[in-house]
Amino acid sequence: MLNIVLFGPPGAGKGTQATLLKEKLNLIHLSTGELLRNHMAQHTELGDLAKVYIDKGELVPDELVIGMIKSDMKCCGNKKGIIFDGFPRTVAQAAALDELMNDLGMPVSGMIALEVPHDELIDRLLQRGATSGRTDDQRNDVIENRISIYHSLTSPVMEYYKKQNKYYPVIGIGDIDEINERLLAVINKL
Ligand code: AMP
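Residues numbered from 1 in each chain as written. Predicted model: local features only at pLDDT ≥ 70, side-chain atom pairs only at ≥ 80, totals over all residues. Heavy atoms only, no water.

**Focus: the pairing of strand β3 (residues 81-85)**
- Taking burial as the measure, the five residues of β3 include five buried ones, the bulk of the element.
- Here β3 shows two buried faces, one formed by G81, I83 and D85 and the other by I82 and F84.
- Sheet topology places strand β1 (residues 2-7) next to β3; five bridges connect them, and they run parallel. Following the sheet pairing, L6 is matched in β3 by D85.
- Bridge analysis of strand β2 (residues 28-31) against β3 gives four bridges, and the strand direction is parallel. If you follow L30 over to β3, its bridge partner there is F84. (Buried < 20%, exposed > 50% of the residue type's maximum accessible area, 1.4 Å probe, protein only. Helix = DSSP H or I, 4+ residues; strand = E, 2+ residues; numbered from the N terminus. Pairing = 2+ DSSP bridges.)

Dropping the structure here:
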């Protein structure tokens with residue numbers, strides 16, 4: 001089984017790369033951002049709760065996100081594993097994911113972190129906001145808040161995986177296909 005955590009700040013290209021990898025490697029793509037947006041669109045109780053945090057660029061509380069993963073994660077049919085996109089975003093989420101995956105007998109194979117400079121992230125997010133309709137990509141203050149929360153609450157997740165020797169940084173700038181090749185080179189060694 002290949003269970004990959006695709007990691008990086010907002011705008012690093014996690015969604016784009018996860019979509020390519022899922023096709024090439026026959027994986028399930030699990031994006032907590034997408035799941036939460038689906039809940040918001042359907043006005044579930046979780047969706048209405050999550051909207052308050054997402055609109056401000058804050059993290060949705062751990063217990064809600066972990067509960068959602070436990071109830072929405074479906075694996076694996078003919079799929080070879082899971083690529084997690086945007087999860088875990090805190091050390092508590094990383095520990096919960098380990099517990100869940102170890103219980104299922106399909107531990108996390110590795111965490112790949114896309115590295116992109118701050119100014120490039122801002123440019124990409126504003127561009128995405130202009131075309132995707134995602135309101136959290138349209139306001140500078142919300143974008144800056146998301147990046148600052150990434151540094152304070154999410155980046156410690158890298159240490160968590162480093163301690164397990166499962167941390168693999170990859171340069172996330174350049175052509176989309178070129179970045180994908182870099183990711184595949186790492187995945188082939190997992
Ligand atoms: P994303 O599509 O990954 O950029 O996520 C959009 C927004 O959903 C984030 O800014 C958070 O508010 C929320 N979100 C997504 N994944 C998580 C997570 N793992 N933990 C907490 N909040 C999350």
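**So, the side chain of H39**
- Relative to the helices and strands, H39 is located in helix α2 (residues 32-41).
- Among residues more than four places away in sequence, those in contact with H39 are T44, L46, G47, M68 and D72. (Contact = heavy atoms within 4.5 Å.)

**Quick notes on the state of the cysteines**
- Counted according to the given criterion, the structure contains one disulfide.
- Each sulfur of the disulfide joining C75 and C76 lies 1.4 Å from the other. On the sign convention where negative means left-handed, the S-S torsion of about 65 degrees between C75 and C76 marks this disulfide as right-handed.
- A relative accessible area of 13% means that C76 is categorised as buried. (Disulfide = S-S within 2.5 Å.)

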